[in-house]
Amino acid sequence: MDQPAVVVLFGGRSSEHSISSATAGGVLHAIDRDRYRVIPVGLTRAGVFVLEDDDPDKFALVADRLPEVVDNGTRIVWPEPGAERMLRVRRADGTVDDLGVVDVVLPILHGTHGEDGTIQGFFDTLELPYAGGGVLDSALCMDKHFMKIVLQAAGIPVSPWVTVTAERWRDDERGVRADIEELGYPAFVKPARAGSSVGVSKAHTADELDDALAMAFAEDRKVLVETAISGREVEVAILQGREGGASRASLPGEIVLTTREFYDFEGKYLGGDGADVVCPADLDADQIAAIQDLGVRAFDAVEGRGLARVDFFLTADGLVVNELNTMPGFTPISMFPKCWIASGMTYAELISELIDMALEPAA
């Protein structure tokens, strides 16, 4: 039997381009070459699909160099809907080569134009199977405002928040300040549709609000201001059930902050001090079961597909869901893989699981 052909798609147009590219380094290194034929496709910051080098080391994440997809002159020609799934590349000199029939796409894209349902809709239109979230759950979870509304409707506790648009901040600054005063300080200020802690800051007082909003508005015209909750930061990795079965939850992990106020971009990806990823977390059996149960409930509430990481605060009064990520950090040092590794699955097996789920016939 021929190996299924997997397009590993990475890069993207969002501010998380480099994180996606670094994830590709890990995936290209670990993917089972005996089982799959790999076609690396990069998406430049300008939105151009290029045929990339199958070189994991090229995309290694190091402190002084963030990996990037550059325009190398090639152009990917995607299959037409209803036709043979033949992928082609147009070279810089205009010649066109066949890359073979594509069986599945593994889109390891983060942020807008990748994790928000747009690329998922593109592949649905092309009738190309793909791993990970679908259009609905991707769009919902990318927009933290609507994600909270859906979770609330399902009876899942979320942190109190105020949503502020750039237009309202411009036209009703006094009203915005009053709403946030009622919410209380300190508060976290974050873009509604960004990830990897890009644009996130903590406003300790009203005096710090302007700078915090400016940082968040630089990423998105819609911003969330959330109550700063005191509690342990725990996360659980979720996988869709196989062949119509129930969704599955890993052992939980924990972000242990020592000197950092929150788990920011540097702490997540650049090896900054002050935050440790601990998996499995030091929890008792009842706490583990509660986190796994609420993680699955949250995943099912947004009609999750493929995978998600569910982030919680474990407080004295119980669990509060912070957010869901439908394409969570997937580098070998990221929480999602670490949780499944702690649960008995290797990084390579986790990649295979995502691909194999996408290859299953539709129910």
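Per an unreviewed UniProt entry, the chain goes by D-alanine--D-alanine ligase and derives from Microbacterium fluvii. Looking at the Pathway (unreviewed entry) heading of the UniProt record, one finds this comment for the chain: "Cell wall biogenesis; peptidoglycan biosynthesis." The heading Subcellular location (unreviewed entry) in the UniProt record of the chain holds the text "Cytoplasm".

Caption draft 1: How the structure looks around the packing of helix H1 (residues 17–30) against helix H11 (residues 347–359). At a minimum axis distance of 9 Å, the contact between H1 and H11 shows a crossing angle of 95°. Relative to H11, the element H1 is oriented roughly perpendicular. Listed contacts from H11 to Thr23, Gly26, Val27 and Ala30 of H1 are Tyr347, Ala348 and Ile351. Within the contact of H1 with H11, the residues separate by chemical class into five nonpolar, two polar and no charged.

Caption draft 2: Fine view of the pairing of strand E14 (residues 253–257). Of the strand pairs in this sheet, strand E12 (residues 232–239) and E14 are connected by three bridges, and their pairing is antiparallel. The residue bridging Glu235 from the neighbouring strand is Gly253, located in E14. Relative to strand E15 (residues 275–278), E14 is paired through four bridges, and the arrangement is antiparallel. Following the sheet pairing, Val256 is matched in E15 by Asp276.

Caption draft 3: Local environment of the sheet that holds strand E5 (residues 86–90). Spatial strand order, E4-E5-E6: three strands in an open sheet with antiparallel pairing. Since the sheet does not close on itself, it has two edges, and those belong to strand E4 (75–77) and strand E6 (96–101), each with one partner. Along the sheet, successive strands turn relative to each other by an average axial angle of 25°, direction set aside. Of the pairings in the sheet, the one linking E5 to E6 comprises five bridges and is antiparallel in character.

Caption draft 4: Here's a closer look at H1. The end-to-end C-alpha distance of H1 is 20 Å, a good match for the 20 Å that 14 residues give at a rise of 1.5 Å each. Burial of H1 is extensive: 13 of the 14 residues sit out of reach of the surface.

Caption draft 5: Region of interest: the packing of aromatic side chains. All told, the structure shown has nine aromatic pairs when counted by the stated rule. Taking the centre distance of 6.1 Å and the plane angle of 10° together, the rings of Phe49 and Phe122 count as stacked. With Phe49 in strand E3 (residues 49–51) and Phe122 in helix H2 (residues 118–126), this pair connects stretches of sequence that are 73 residues apart. Its relative accessible area of 28% is what places Phe122 among the partly exposed residues. Between Phe123 and Tyr130 the ring centres are 6.2 Å apart and the planes differ by 40°, which places this aromatic pair in the tilted class. Neither residue differs from the other here; Phe123 and Tyr130 are each classed as buried. Taken together, the ring pairs in this structure connect Phe49, Trp78, Phe122, Phe123 and Tyr130 into an aromatic cluster. Directly above the ring of Tyr130 sits Arg305, whose terminal nitrogen or CZ lies 4.3 Å from the centroid.

Thresholds, definitions, all that
Note that residues are indexed from 1 along each chain, following the sequence as it is written. A pLDDT threshold of at least 70 governs which residues receive local features in this predicted model, and a stricter bar of 80 or more applies before side-chain atom pairs are shown or counted, although totals over entire chains, interfaces and linings include all residues. Calculated side-chain values reflect all of the structure's heavy atoms, with hydrogen atoms and water omitted. UniProt positions are given in the numbering used here, feature names are shortened, and annotations may be inferred rather than shown by experiment. Axes, fitted as lines to C-alpha atoms, cover a helix only where it is in contact. Angles between the N-to-C directions of the axes lie from 0 to 180 degrees. What counts as a helix is a DSSP run of H or I of at least four residues, what counts as a strand is a run of E of at least two, and both are numbered from the N terminus. Each angle gets one of four labels, with under 35 degrees taken as roughly parallel, over 145 as roughly antiparallel, 65 to 115 as roughly perpendicular, and the rest as oblique. Throughout, a contact is declared for two residues whenever any of their heavy atoms are within 4.5 Å. In this classification, the charged set is Asp, Glu, Lys and Arg, the nonpolar set is Ala, Val, Leu, Ile, Met, Phe, Trp, Tyr, Cys and Pro, and all remaining amino acids, among them Gly, are polar. DSSP calls a pair of strands paired once it identifies at least 2 bridges connecting them. Each residue after the first adds 1.5 Å to the expected span of a helix. Partly exposed describes any residue whose relative accessible area lies between the buried limit of under 20% and the exposed limit of over 50%, with all areas from a 1.4 Å probe on protein chains only and scaled to the type maximum. Here a Phe, Tyr or Trp ring, Trp counted by its six-membered ring, pairs with any other such ring whose centre lies within 6.5 Å, and the pair is stacked when the planes are under 30 degrees apart, edge-to-face when over 60, and tilted otherwise. Counting as a charge over the ring demands two things of the Lys NZ or Arg CZ atom: a distance within 6 Å of the ring centre and an angle within 35 degrees of the ring normal.

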